[in-house]
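Architecture at a glance
The lines below spell out each chain.
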Amino acid sequence: FTSIMKDNYDKFYNRHLHSFVGYCIGQSKLYNVRGERFSELHEFVEYFAHIDKEKYHLKLEEVFEEIENIFESKTFKYVKFILASVSRGNHAYKEGIYVEVLGKRFSGSVSVEYFAEKILAMEAQFGNRARASSKGIDWKALSHAVRVIDEVEELLDEGFISFPLLNREYIKSVKEGKEKIEDVMNYIDMKLDIVQQKLEESNLPERSDEKFIQELILELVS
């Protein structure tokens with residue numbers, strides 16, 4: 001089994017790594033100062049608040065034009081429309097337009113009310129920094145964020161992830177609380193900028209080789 005995995009690791013990868021990026025952004029929300037991403041979110045929430053509450057029962061896609069007007073009034077880097085394919089099961093994929101907010105994607109089929117509640121909740125997490133600081137810094141979670149963002153970058157650059165990890169000494173130092181919180185957050189922010197740009201330019205396949213994966217599973221359980 002190990003040799004099969006080593007010889008076919010590339011069949012398991014795809015370019016949809018936003019959940020990993022989202023984890024790192026989540027850690028950044030807890031401890032970071034209000035940087036560019038969160039300033040954008042704050043401004044977007046303020047703009048979006050002007051959408052008529054009577055439209056909250058509509059689907060998000062029905063107010064795409066109004067969201068487009070928001071984007072035309074100010075340049076946003078981390079809040080944007082994206083075109084993506086989503087699995088519907090049985091190898092079926094549906095392509096659609098999503099609103100991506102700090103790496104989190106919202107389908108046009110969700111309600112305007114749901115979207116408004118979620119982005120308000122994301123904004124409210126700014127206050128978590130004070131609460132998190134009063135409880136102490138979770139260095140282990142931050143070390144995972146550093147590890148994950150480094151792994152994503154290596155995967156995008158090289159098409160695989162090395163073990164032992166290339167940056168293991170720094171990750172260990174973060175885990176043990178030996179680094180300054182400001183330096184760690186600056187590192188994560190820098191890597192988030194780099195990785196999000198590389199995701200846009202990635203040559204990784206759109207989706208994993210599902211046929212190979214299913215055949216492998218059937219072979220292993222039979």
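Bear in mind the structure is a predicted one, so any value in this text is a computation, not a measurement.

Conventions we followed
Residues numbered from 1 in each chain as written. Predicted model: local features only at pLDDT ≥ 70, side-chain atom pairs only at ≥ 80, totals over all residues. Heavy atoms only, no water. Helix = DSSP H or I, 4+ residues; strand = E, 2+ residues; numbered from the N terminus. Buried < 20%, exposed > 50% of the residue type's maximum accessible area, 1.4 Å probe, protein only. Contact = heavy atoms within 4.5 Å. Areas by Shrake-Rupley, 256 points an atom, 1.4 Å probe, with all protein chains shown as cover. Axes fitted to C-alpha atoms, helices over the stretch in contact; angles between N-to-C directions. Parallel < 35°, antiparallel > 145°, perpendicular 65-115°, else oblique. Left-handed = near helix turned anticlockwise from the far one by under 90°. Nonpolar A, V, L, I, M, F, W, Y, C, P; charged D, E, K, R; others polar. Phe/Tyr/Trp six-rings, centres within 6.5 Å; stacked < 30°, edge-to-face > 60°. Lys NZ or Arg CZ within 6 Å of the ring centre and 35° of its normal. Expected span 1.5 Å × (residues − 1). Arc of directions from axis to C-beta. Core = buried A, V, L, I, M, F, W, Y, C linked by side-chain atoms within 4.5 Å. Patch = residues over 30% accessible without salt bridge, like charges linked within 9 Å, V, L, I, M, F, W, Y side chains within 5 Å. Salt bridge = Lys/Arg side-chain N within 4 Å of Asp/Glu carboxyl O.

**So, the overall build of the protein**
- Regarding its fold elements, the protein presents ten helices and three strands.
- Scanning the protein from its N terminus toward the C terminus, one meets helices and strands in the order α-α-α-α-β-β-β-α-α-α-α-α-α.
- Residue burial in the protein is summarised as follows: out of 222 residues, 40% are buried.
- A sequence separation of at least 24 residues applies to 70% of the contacts in the protein between residues at least 6 apart.
- As displayed, the protein has an accessible area near 12,900 Å², and 51% of this comes from carbon and sulfur atoms.

**So, the packing of helix 7 (residues 139-158) against helix 8 (residues 168-175)**
- Interaxial distance between helix 7 and helix 8 falls to 7 Å at its minimum, and their mutual angle equals 160°. Regarding the angle of helix 7 to helix 8, the classification is roughly antiparallel. Crossing hand, helix 7 versus helix 8: right-handed. In this structure, helix 7 contributes W139, K140, L142, S143, V146 and R147 to the contact, and helix 8 contributes Y170, I171, V174 and K175.
- Along the lines of polarity and charge, the residues of the contact of helix 7 with helix 8 split into six nonpolar, one polar and three charged.

**Quick word on the packing of aromatic side chains**
- A complete count under the given rule lists eleven aromatic pairs for this structure.
- Members of the aromatic cluster, connected to one another through ring pairs, are F44, Y47, F48, F64, F71, F76, F81, F106 and F115.
- A cation sits over an aromatic face here: K74 above F76, 5.9 Å from the ring centre.

**Here's the deal with helix 5 (residues 112-124)**
- In a regular helix each residue adds 1.5 Å, so 13 residues correspond to 18 Å; helix 5 covers 18 Å between its end C-alpha atoms and thus fits that length.
- Within helix 5, burial applies to V112, F115, A116, I119, M122 and E123. Burial along helix 5 is one-sided: seen end-on, the buried residues are contained in an arc of 125°.

**Quick word on the nonpolar core**
- Core analysis: the biggest nonpolar cluster contains 52 residues, and F44, F48, I67, V101, F115 and I188 have the highest contact counts within it.
- For this core, the secondary-structure elements that each account for two or more residues are helix 2 (18-31), helix 3 (36-48), helix 4 (64-73), strand 2 (92-101), helix 5, helix 7, helix 8 and helix 9 (181-201).
- If you tally residues by element for this core, the top one is helix 7, at nine residues.
- With residues up to four places along the chain from it excluded, the contact list for I188 reads C24, L142, A145 and V146.

**Some remarks on a nonpolar patch on the surface**
- A cluster of nonpolar side chains, contributed by I217, L218, L220 and V221, occupies part of the molecular surface with about 410 Å² of accessible area.
- Residue classification places V221 among the exposed positions, given a relative accessible area of 64%.

**A look at the packing of helix 7 against helix 9**
- Here helix 7 crosses helix 9 at 30°, and the two axes come no closer than 10 Å. When the interaxial angle is binned, helix 7 and helix 9 end up roughly parallel. Pair helix 7 / helix 9 crosses with left-handed handedness. Of the residues in helix 9, those touching helix 7 at W139, L142, A145, V146, I149, D150, V152, E153, L156 and D157 are I181, V184, M185, Y187, I188, K191, L192, I194, V195, K198 and L199.
- Grouping the amino acids of the contact of helix 7 with helix 9 by side-chain chemistry returns 16 nonpolar, no polar and five charged.

**A word on the side chain of E151**
- Inspection of the secondary structure puts E151 in helix 7.
- Beyond its immediate sequence surroundings of up to four residues, E151 is in contact with I161, F163 and L165.

**Some points on unusual backbone geometry**
- Across the junction of F163 and P164, the peptide omega takes the value 0°, indicating a cis bond.
- Positive phi values are uncommon outside glycine, yet L102 reaches one of about 50°.
- With respect to the secondary-structure elements, L102 resides in the loop between strand 2 and strand 3 (104-107).
- Looking at L102, the relative accessible area reads 3%, which means it is buried.

**Describing helix 9**
- Over its 21 residues, helix 9 runs 30 Å from end to end, which matches the ideal 30 Å to within 8%, given 1.5 Å per residue.
- Among all positions of helix 9, only I181, V184, M185, Y187, I188, D189, K191, L192, V195, Q196 and L199 are buried.

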